[in-house]
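# Fold and contact review
For reference, the chains in residue letters:
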Amino acid sequence: MPPFYSTGSHILVINNYFEDSEEGGTKNGLYFSDGKRKIDYVLVYQNRKHTSLSTSEYSGATVPNGTATNLHRSKPHKQLPEHEQEVVLDVGSHHESVEEERRTRREEFEKNAMENGLEIEKDKESKTQGTSYVRIHAPWHVLSREAEFLKIKVQTKKAFEIKQEDGITAKVNSIWQKFTKPLLPKVGQSTQTGKHLSHPFTRDKMHLYNITNKETFFDSATRSRIVYEILKQTSCPTARYNMGITTLIANGVYDSAYPLHDGDYEESDSEENERKVLYQEWARYGVFYKYQPIDLIRKYFGEKIGLYFAWLGLYTQLLMPASLVGIIVFFYGCVTIGNDIPSLEMCDEQNNFTMCPLCDKSCDYWYLSTACATARASHLFDNPATVFFSIFMALWATLFLESWKRRQTRLCYQWDLTSLEEEEEHPRPEYETKLFQKKLLKEKKDRNQKKKQDDHATGKNKWKDKVLSAMGGADLAENEKLTWRDRVPGYLGNFVSILFMIGLTFSAVFGVIIYRISLAAAMAMSTNESTKSNIRVTVTATAVIINLLVIIILDEIYGTVAEWLTKMEVPKTEKIFEERLILKAFLLKFVNSYAPIFYVAFFKGRFVGRPGRYVYIFNDYRMEECAPGGCLMELCIQLSIIMLGKQLIQNNLFEIGIPRMKKLFRKLKDERAEPKESNNSSATRQPQQWELEYNLEPFTGLTPEYMEMIVQFGFVTLFVASFPLAPLFALLNNIIEIRLDARKFVAELRRPDAVRAKDIGIWYNILSGMGKFSVIINAFVIAITSDFIPRLVYQYMYSDDGSMHGFVNHTLSYFNISELLQGTHPQSSHFSNIKVCRYKDYREPPWSDHAYTYSKQYWAVLAARMTFVIIFQNLVMVLSEVLVWLISDVPKDISVRMKKEKSLLVDVFLKEEQKKVNLIESFLVQDRRKQKLKNEAQKAQASSFTQVARSQRSSFTSVSSRHTDV
């Protein structure tokens with residue numbers, strides 16, 4: 001296309017390259033300066049020119065003696081007075097060369113992008129340094145070409161009617177729709193009575209598609225995705241091994257790249273747009289009770305983000321019945337607390353069970369009745385209903401996963417993702433860099449070997465080697481790849497680092513254990529009776545808070561470490577990188593979040609020993625014991641504080657505060673780096689849309705969003721036997737979390753690139769694994785941590801009347817205080833005439849022939865616990881499999897629609913092909929008719945010519961005969 005210059009406006013057009021006018025863009029900064037071409041993508045880079053004069057007319061350098069040399073005029077024939085002449089020292093020659101190389105690469109990249117059909121508008125580079133923007137528009141021929149290449153499904157003109165349900169189901173749905181009508185967001189959605197057939201876009205079937213306006217046929221998310229795919233595949237020849245915009249951003253050629261939002265979302269007088277609708281009906285806390293507009297979210301942000309919010313919405317909905325059952329279980333414990341015989345016996349002061357000291361020297365003997373409050377509180381979470389709730393939550397997890405598969409299938413059908421194929425991904429910039437370095441090393445090694453073999457090589461051959469070396473980066477990806485040997489250092493580094501991080505987590509847990517033991521011993525030495533009476537509460541509360549702070553700090557560290565370790569492996573594509581990052585981050589955060597809880601549930605109080613033979617740490621501190629009511633109450637406290645603390649601090653405060661702090665820091669940094677311009681008009685000019693969005697936080701992926709919900713899912717399912725209210729607190733958190741994430745995506749983040757996806761990927765496998773693991777954990781929590789099994793064993797094997805009377809006495813063993821080790825007796829005791837004390841364990845009494853060995857009751861309880869674990873696991877697994885079998889992955893109505901749509905689509909194309917055949921046949925018939933008429937005409941002409949010839953011959957014959965006769 002020849003160059004074209006528009007002198008009637010401020011826009012200079014050369015091929016498809018535009019320089020922005022002085023007034024900037026129009027229509028709120030969403031279009032080029034002509035107000036017609038929509039901005040589909042924005043590239044940002046920084047001008048960093050350090051060598052300049054104080055005036056705008058000279059540039060030069062200062063030599064060491066202060067004499068200015070190498071002055072170049074930007075405006076001719078204008079000399080400044082000597083006292084006004086000012087030059088600066090060129091101290092950044094290397095920096096200038098780097099910036100010049102980046103500028104050259106930007107020009108080549110933009111030139112190649114324009115050769116691919118994109119149209120570009122740029123700012124006039126009048127600033128010596130600062131932020132510059134490149135706006136990109138994709139015309140129709142580019143969109144249609146790439147849509148065909150990417151196989152983007154679009155609607156055809158053909159539509160079919162969706163069969164409406166009738167009978168009881170229709171009435172129930174009608175009542176439900178009327179009931180939930182106030183909960184529906186006002187986004188212009190209506191009940192679907194029909195659906196247009198969809199088919200991958202092809203330019204040779206344009207007449208089949210419902211194209212009313214080429215500018216709006218592809219929505220903004222699809223347009224930006226097409227442009228991004230082009231930019232990823234656009235090469236930069238100077239870099240040799242660089243491929244696409246991602247590599248250029250990684251190497252600092254461009255600062256960032258992003259699509260624009262649809263406009264402003266807060267101003268009431270602004271035009272209506274999808275971003276504003278999402279903010280009003282989705283991203284405000286005032287609409288927390290409404291359903292999410294999932295279809296609009298998918299249309300605006302893409303399928304991958306749409307699936308995340310659909311998954312989060314379903315998870316939150318299903319937490320409602322789980323919360324209701326958890327509340328019922330909790331209230332059951334509250335109602336039955338007055339009838340719990342073991343806690344009543346423990347609180348009965350007449351029993352006067354004298355317990356052995358809880359620590360050496362400082363601790364005195366004590367009465368079991370002083371732990372009455374702890375025992376009564378333990379019954380709230382340790383009662384027969386807990387077992388039912390554990391089974392219910394295991395089945396709930398299965399129901400959730402199966403419901404999500406059905407919901408995901410429905411969304412895939414509605415969003416035309418059923419036949420989505422995985423697209424070929426391009427290598428990551430780090431992978432290409434690693435390949436290039438490997439190529440250079442190989443070439444260097446080959447040259448050295450060749451030099452040793454042939455010392456008499458000519459200069460021509462040397463020059464040829466250099467040329468081949470320079471050209472070797474062009475086919476780098478084709479001839480070279482990273483092998484396992486190249487990744488061995490990364491794998492070893494990962495293995496060692498992960499072991500170190502897990503060891504660090506265990507060290508933190510062990511440090512808190514030492515803190516608990518030390519604090520308990522210190523408080524026991526206090527002379528204040530109130531301090532002594534609150535030892536267990538104080539130690540538990542402070543230790544859990546320390547655990548929470550350590551978990552939050554290590555979580556932030558582990559997120560960064562997991563990303564660094566994944567980069568060490570140099571994954572080839574973004575998908576592989578994301579999956580490996582998720583696995584590492586999940587492993588580290590799983591250990592970090594649940595290690596203190598695992599300690600309380602399964603290790604605390606298990607390795608204490610017995611009086612006279614306690615287990616010591618560092619030869620001074622005894623291992624911790626569980627409270628008289630068991631460790632389940634302490635497990636409940638630990639779980640609740642860590643869960644609520646993480647949700648409040650990490651999931652809410654951090655998500656609100658950290659992005660705003662980053663935004664403020666970036667804004668201050670940009671203001672400090674970019675000097676004020678002398679042009680007052682530009683200083684007073686309103687910032688354009690692309691400038692406003694550059695100040696927003698860049699989108700970094702959905703991994704943090706999924707991760708916090710997966711950790712919460714673990715709190716809800718893994719240890720739910722100890723804390724039935726966990727689903728309720730998760731529900732309350734998620735109601736806020738949905739709107740918090742929505743506001744972040746709509747108002748605080750740059751618009752993400754629309755990514756197609758038909759499922760949530762590896763997250764489903766993690767959820768499924770945690771659901772199965774939760775069955776095992778809850779079985780052991782009930783069997784080992786709670787007193788459910790010991791109570792059953794006592795009631796059915798040792799109780800005289802089949803009741804729980806005498807259970808507390810049955811669980812306490814005897815110890816002769818004369819056998820205490822020397823130096824471990826209480827220094828001052830208020831108890832006198834004591835010969836034996838009691839401690840919680842199943843051991844033979846001191847007067848037995850096998851004193852202090854495990855009794856028969858211990859082995860009976862242990863066998864019952866193992867039997868319960870096996871029965872519980874198998875029962876829940878069988879019920880889960882039955883539930884999976886009963887629930888179909890594909891809803892019946894969707895299956896029927898998919899078959900009908902496929903047959904209708906086949907009919908449409910068969911009719912289309914039949915029309916083509918008929919058209920061809922009509923042309924052939926016409927050609928045959930024309931040929932027949934032509935042949936007939938030729939025959940008629942030939943016959944007439946024959947008759948004329950015959951008549952001529954006859955006349956000639958007659959003449960000749962007459963002549964002969966004559």
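A brief report on the enclosed structure follows. (Residues numbered from 1 in each chain as written. Predicted model: local features only at pLDDT ≥ 70, side-chain atom pairs only at ≥ 80, totals over all residues. Heavy atoms only, no water.)

## A few points about the overall build of the protein
Which entries qualify depends on this criterion: Think of it this way: any DSSP run of H or I at least four residues long counts as a helix, any run of E at least two long counts as a strand, and we number them from the N terminus. Partly exposed residues are those whose accessible area sits between 20% and 50% of the maximum for their type, while under 20% is buried and over 50% is exposed, using a 1.4 Å probe and protein chains only. The contact rule is simple, with two residues in contact once any of their heavy atoms fall within 4.5 Å. We get accessible surface area from the Shrake-Rupley algorithm with a probe of 1.4 Å; when it comes to residues, only the shown protein chains can shield them.
Along the backbone of the protein there are 29 helices and 18 strands. Considering the protein as a whole, with its 966 residues, one finds that 45% of them fall into the buried category. Put simply, of all contacts in the protein between residues at least 6 apart along the chain, 78% involve residues at least 24 apart. For the protein, the computed accessible surface area is about 52,100 Å², with 58% contributed by carbon and sulfur atoms.

## A few points about the state of the cysteines
Defined as follows: In what follows, a disulfide is any cysteine sulfur pair within 2.5 Å.
This structure, assessed with the given rule, holds four disulfides. A sulfur-sulfur distance of 1.9 Å marks the disulfide that ties C356 to C837. In this structure, the disulfide formed by C356 and C837 twists by about 85 degrees around the S-S bond and is classed as right-handed. Within this pair, whereas C356 is found in the loop between strand 11 (354-355) and strand 12 (366-367), its partner C837 is found in strand 18 (residues 836-840), the two being separated by 481 residues in sequence. When sorted by exposure, C356 lands in the same class as C837, which is buried. Note that C626 is cross-linked by a disulfide to C631, the S-S spacing being 1.6 Å. One disulfide, between C626 and C631, carries an S-S torsion of -90 degrees and so falls in the left-handed class. With cysteine numbering restricted to those in disulfides and following the sequence, the protein has the pairing 1-5, 2-8, 3-4, 6-7.

## Observations regarding empty space enclosed by the protein
For clarity, the cut-off: In this analysis a 1.4 Å probe is tested at points of a 1 Å grid over the protein atoms alone, and where it fits but cannot get out there is a cavity; an open set with protein on both sides within 12 Å along at least five of seven lines is a pocket; lining residues have an atom within 4 Å of a point. Grid points are joined across faces, edges and corners, and a volume is the space filled by probe spheres set on the points. Each residue is assigned to one class: nonpolar for Ala, Val, Leu, Ile, Met, Phe, Trp, Tyr, Cys and Pro, charged for Asp, Glu, Lys and Arg, and polar for all the others, Gly among them.
Applying the stated criterion to the full structure yields five cavities of 30 Å³ or more. Empty space within the largest cavity amounts to approximately 70 Å³. Lining the largest cavity are P357, C359, D360, G612, Y614, Y616, R622, L820, L821 and T824. Of the residues contributing to the lining of the largest cavity, the split by class is six nonpolar, two polar and two charged. Of the voids in this model, the second largest cavity is the one considered here, and its volume is about 60 Å³. Considering the residues around the second largest cavity, the lining is formed by K38, I39, D40, S220, S224, P259, L260, H261, D262 and R751. In the lining of the second largest cavity, the residues fall into three nonpolar, three polar and four charged.

## So, the nonpolar core
We count it as follows: Put simply, a nonpolar core is a bunch of buried Ala, Val, Leu, Ile, Met, Phe, Trp, Tyr and Cys residues held in one set by side-chain atoms that sit within 4.5 Å of each other.
One finds W311, W396, Y594 and F719 to be the most contacted residues of the largest nonpolar core, which totals 124 residues. Looking at this core element by element, the count peaks at 15 residues for helix 9 (residues 303-336). Setting aside chain neighbours within four positions, we find F719 in contact with Y594, I597, F598, A601, F602, L639, G714, I777, N778 and V781. Among the nonpolar cores identified, the runner-up in size contains 32 residues, and L43, Y45, F201 and V227 belong to it.

## Quick notes on the environment of I642
Assignment of secondary structure puts I642 in helix 20 (residues 632-673). Residue I642 is classed as buried on the basis of its relative accessible area, which comes to 0%. Setting aside its immediate chain neighbours within four residues, I642 contacts V544, L548, I551, S593, P596, I597 and F715.

## Things to note about the pattern of salt bridges
We apply this condition: A pair is scored as a salt bridge if a Lys or Arg side-chain nitrogen falls within 4 Å of a carboxyl oxygen belonging to Asp or Glu.
A complete count under the given rule lists 36 salt bridges for this structure. Put simply, R145 and E146 hold a salt bridge, and the shortest N to O gap is 3.1 Å. Each of R516, K604, E624 and E634 takes part in one network of salt bridges that share partners.

## A short note on the side chain of H379
Defined as follows: As used in this structure description, the phrase polar contact means that two N or O atoms lie within 3.5 Å; if the pair is within protein, one of them must be able to donate a hydrogen and the other to accept it, and residues adjacent in sequence are counted only when both atoms belong to side chains.
Tracing the chain through its elements places H379 in helix 11 (residues 372-381). Polar side-chain contacts of H379 include one of 2.9 Å to the side chain of T336. For H379, the residues in contact, after removing those within four places along its chain, are G333, T336, I337, D340 and R791.

## Considerations on helix 12 (residues 384-414)
Here is the rule we go by: Expected helix span is taken as 1.5 Å per residue step, with the number of steps being one fewer than the number of residues.
Given a rise of 1.5 Å per residue, 31 residues ought to cover 45 Å, and the 45 Å separating the end C-alpha atoms of helix 12 matches this to within 8%. You can read the cap of helix 12 off the contacts: a side-chain oxygen lies 3.0 Å from the backbone nitrogen of A385, and it is on N383. After helix 12 finishes, the residue D416 shows a positive phi value of roughly 60 degrees.

## A closer look at the packing of aromatic side chains
For clarity, the threshold we go by: Each pair of aromatic rings taken from Phe, Tyr and Trp, with Trp reduced to its six-membered ring, is defined by centres within 6.5 Å and is described as stacked if the planes are under 30 degrees apart, edge-to-face if over 60, and tilted in the remaining cases.
If you walk through the whole model with that rule in mind, you get 55 aromatic pairs. Relative to F301, the ring of W282 has its centre 6.4 Å away and its plane inclined at 55 degrees; by these criteria the two rings are tilted. On the criterion of sequence distance, the pair formed by W282 in the loop between helix 7 (274-281) and helix 8 (294-301) and F301 in helix 8 is long-range, its members being 19 residues apart. Residue class for F301 comes out buried when judged on its relative accessible area of 1%. Arranged with centres 5.3 Å apart and planes meeting at 50 degrees, the rings of Y814 and W847 form a pair that is tilted. Linking Y814 in strand 17 (residues 812-816) with W847 in the loop between strand 18 and helix 28 (856-886), this pair joins segments that are 33 residues apart in sequence.

These figures capture arrangement, not role.
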